[in-house]
Amino acid sequence: MKERLKKYFHSLKWVLNNAKEYRFRILLMLVFNLAVIGASLYTVILSKQIIDNASLSLSITGIIVLYIIIMLAMQLIGAAGSLLSTLIEEKVSFGIRKSVYDKIIRASWHTVNKYHTGDIVTRLTSDAGNVADGVIYTLPGIIELSVQLIMVFFTLFYYSHFLALLALIVAPVSVGVSWLFARRLKGLQKKVQESESAYHSFLQESLANLLIVKAFTNEDYSVDKLTELRKERFKWVFKRSKTGLMGSTTIGLAFQIGYLSAFTYGALQISKKVITYGTMSVFLTLVNRVQGPIIQLAHQIPKLVSLFTSAERIMELSEIPAEEKLDVNIDTTRLGVKVDNLTFAYDTETVLENTSFRIEPGDSTVVMGESGIGKTTLIRLVMSFVKPTGGSISFYNPQGEETPGSAGIRKYIAYVPQGNTLFSGTIKENILAGKHDATSEEIEDALKLASAYDFISELPDGIDTVIGEKGFGISEGQAQRVAIARAFIKKAPFLILDEATSALDEATEQKVISGLQQLTPRPTCLIITHRKSILKYCTQELVISDKKLTAHRQ
Ligand SMILES: Nc1ncnc2c1ncn2[C@@H]1O[C@H](COP(=O)(O)OP(=O)(O)OP(=O)(O)O)[C@@H](O)[C@H]1O
Ligand SMILES: [Mg+2]
């Protein structure tokens, strides 16, 4: 139980921290809502006066006018409060999304990649929404209801000690039942969000790979799978609702008993002429109003559980440590790589073991080797997307200055990854990802050197041609050349190509390679390829075997 409370406390701290920026606005909303509660309580007392004055044939006009003024003010403040809450909700939910997105985008690629994008998106949308809802409605709601409870309790206590205490009997029942159900609800809420993630992940992935779905005539299978995932989610939603309902029914029953007791007690007092009808009406209204907040507080429990469960899911993402990004303080005009006793393993599978080699500044190094041997892994290590399990990687210049490998070095590396890595948007936008402030001449130069200029010039919209996800609308080889131009325009001192010309015919490939050789200043190159023809352009070959890399000078 202590552990559980600690966990709740930790989540609560995180949630409050995220809402810190909006605390004054939330406070203002709370003040508005409390004003409405106070005013509404005052109308109860006014109504007693109306009844009592009327039964004694006294004037009630003044009281009715006051009642109407308070009622109007209540409506106005209530409306202002709800407008304010809509505004804050938007801000809080976006605030959380932005801060977690910021964390994810700066976190270690390797760790983030262990999550399905569909799962991350669900956490950033649905879970962040739950948290924002909790911050705006549930948490202030709990404060409001508690204040309301205390105010009503003391008003009732003023009129009748006995009745006030009787009405409070519901409280321990409510708290006890809620605590018992909260634990079960937490487990169920987690399942609901997990099933939501699974459902989103499938939806996103099957749409992204629509071609495969169709090629293997998996349309029916996909619809069935989606239905199945939806059913799974429904199962948990239903179980959660059932558990929540069981809790509120128990509390509801306690409420009914409390109300009946108060009613009987009041009726008996009237028959004995101990109290007036006005007092009786105040009694009943107040008993109602004491128990109302208690029941509503009980209803906040599932919401609180949902807030904490979602907060934990988002916290998990925001707790992924940021990747190491060291400043590069050496002259970076020309760079080489020094790898010493490098060992690397993905979880259990060792890919490279105790290997050392150099790529000298100005070298053109080619890496060949069978599929799955560790070529792409080597690049991930050089670019610090993954961290070595042992040994070290550093960069150095001809002057002999050295800087350790970290995310900071990527600024000096241009990279053409394996596979289609274009974004949806125009070709120009894709090229500009390599250099945001590039001029039209620079774009043209990069495209020419990458042998992409001619085909783009023939497109009706030229570089403003809009392409879809993963370069939809242009051919695989054309997409590769756009990706190469995106890397060329960066004019980085170190260039990495991972099977970047695999979709090109030999003649086009030759053109791209000669374009690469015309790059000024000439970068140090690391080229992964299965084509032997590229060897003749390179100064050294790295051969991977037995988890080791050996350099062969050409
Ligand atoms: N994220 C990962 N988690 C665990 N193992 C991985 C991961 N990525 C790659 N591997 C494994 O590491 C080994 C090397 O993979 P890598 O992608 O470096 O091969 P490659 O030489 O680039 O192959 P290809 O020529 O097919 O692109 C493979 O056995 C692969 O299964
Ligand atoms: Mg590879």
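Report follows, based on the coordinates. (Residues numbered from 1 in each chain as written. Chains lettered and ligands numbered in written order. Predicted model: local features only at pLDDT ≥ 70, side-chain atom pairs only at ≥ 80, totals over all residues.)

**Re the overall build of the chain**
So, step 1. Secondary structure assignment for the chain yields 16 helices and 12 strands.
So, step 2. The C-alpha atoms of the chain give 34 Å as radius of gyration, which overshoots the globular expectation for 554 residues (24 Å, by more than 25%).
So, step 3. Scored against the burial criterion, the 554 residues of the chain give a buried share of 32%.
So, step 4. Partitioning the contacts of the chain with sequence separation of at least 6, the portion at a separation of at least 24 is 80%. (Helix = DSSP H or I, 4+ residues; strand = E, 2+ residues; numbered from the N terminus. Rg over C-alpha atoms; globule rule 2.2 N^0.38 Å. Buried ≥ 20, exposed ≤ 12 C-beta atoms within 10 Å, placed from the backbone. Contact = placed C-beta atoms within 7 Å.)

**A closer look at the sheet that holds strand 9 (residues 494-498)**
So, step 1. Spatial strand order, 6-9-10-3-11-12: six strands in an open sheet with mixed pairing. In this open sheet, the two edge strands, each paired with only one partner strand, are strand 6 (413-416) and strand 12 (548-553). Here the average twist between neighbouring strands, direction ignored, is 20°.
So, step 2. The pairing of strand 3 (residues 364-368) with strand 11 (residues 540-545) spans four bridges and is parallel. Across the sheet, residue Val367 finds its bridge partner in strand 11, namely Leu542.
So, step 3. Of the strands in this sheet, strand 3, strand 9, strand 10 (524-528) and strand 11 touch helix 11 (residues 375-382), which is tilted by about 155° from strand 9. (Pairing = 2+ DSSP bridges. Axes fitted to C-alpha atoms, helices over the stretch in contact; angles between N-to-C directions.)

**Focus: the packing of helix 3 (residues 61-106) against helix 5 (residues 117-159)**
So, step 1. At a minimum axis separation of 9 Å, helix 3 and helix 5 run at an interaxial angle of 140°. By the angle class used here, helix 3 and helix 5 are oblique. Crossing of helix 3 against helix 5: the hand is right-handed. Along the contact surface, helix 3 presents Ser85, Ile88, Glu89, Val92, Ser93, Ile96, Arg97, Val100, Tyr101 and Ile104, while helix 5 presents Ile120, Leu124, Ala128, Gly129, Val131, Ala132, Asp133, Val135 and Ile136.
So, step 2. Along the lines of polarity and charge, the residues of the contact of helix 3 with helix 5 split into 13 nonpolar, three polar and three charged. (Parallel < 35°, antiparallel > 145°, perpendicular 65-115°, else oblique. Left-handed = near helix turned anticlockwise from the far one by under 90°. Nonpolar A, V, L, I, M, F, W, Y, C, P; charged D, E, K, R; others polar.)

**Here's the deal with the site of ligand 1**
So, step 1. Near ligand 1, the surroundings consist of Tyr346, Glu349, Val351, Ser371, Gly372, Ile373, Gly374, Lys375, Thr376, Thr377 and Gln418.
So, step 2. Looking at the shell around ligand 1 residue by residue, the classes come out as three nonpolar, six polar and two charged. (Near = placed C-beta within 6 Å.)

**Side note on the environment of Lys114**
So, step 1. The topology assignment puts Lys114 in the loop between helix 4 (109-112) and helix 5.
So, step 2. Counting along the chain gives 56 residues from Lys114 to Leu58, while the straight-line C-alpha distance between them is 76 Å.

**Concerning helix 1 (residues 2-19)**
So, step 1. Along its 18 residues, helix 1 runs 26 Å from first to last C-alpha, staying within 8% of the 26 Å computed at 1.5 Å per residue.
So, step 2. Regarding helix 1, the residues found buried are Ser11, Val15, Asn18 and Ala19. Along the axis of helix 1, the buried positions cluster into a sector of 95°, meaning they face one direction only. Within helix 1, the exposed residues directed more than 90 degrees away from the buried face are Lys2, Glu3, Leu5, Lys6, Phe9, Lys13, Leu16 and Asn17.
So, step 3. Residues of helix 1 that are buried make contact with helix 2 (23-55), helix 3, helix 5 and helix 10 (277-318). (Expected span 1.5 Å × (residues − 1). Arc of directions from axis to C-beta.)

**Considerations on the sheet that holds strand 2 (residues 349-359)**
So, step 1. Strand order in the open sheet formed by four strands is 2-1-4-5, and the pairing between neighbours is antiparallel. Across the chains shown, the open sheet's two edge strands, defined by having one partner strand only, are strand 2 and strand 5 (402-404). Across this sheet, the average inter-strand angle for adjacent strands is 25°, counted without regard to direction.
So, step 2. Inspection of the sheet shows strand 1 (residues 336-346) paired to strand 2 by seven bridges, in the antiparallel sense. When the sheet's bridge partners are listed, Tyr346 is paired in strand 2 with Glu349.
So, step 3. Its contacts with the sheet put helix 11 on strand 1, strand 2 and strand 4 (390-396), and the angle it makes with strand 1 is roughly 115°.

**A short note on the nonpolar core**
So, step 1. If you look at the biggest cluster of nonpolar residues, it comprises 62 residues, and the most contacted ones within it are Ala446, Ala450, Ile484, Ala485 and Phe488.
So, step 2. Looking at which element gives the most residues to this core, the answer is helix 15 (residues 476-488), with seven residues.
So, step 3. Setting aside chain neighbours within four positions, we find Ala450 in contact with Arg481, Ile484, Ala485, Phe488, Val512 and Gly515.
So, step 4. By size, the runner-up hydrophobic cluster in this structure holds 49 residues, among which are Val92, Ala132, Leu185 and Val287. (Core = buried A, V, L, I, M, F, W, Y, C linked by C-beta atoms within 7 Å.)

**Regarding the packing of helix 3 against helix 10**
So, step 1. For the pair helix 3 and helix 10, interaxial distance at closest approach is 8 Å and the crossing angle is 35°. Contacts from Ile96, Val100, Lys103 and Ile104 of helix 3 reach helix 10 at Ile314, Leu317 and Ser318.
So, step 2. Here the residues of the contact of helix 3 with helix 10 sort into five nonpolar, one polar and one charged.

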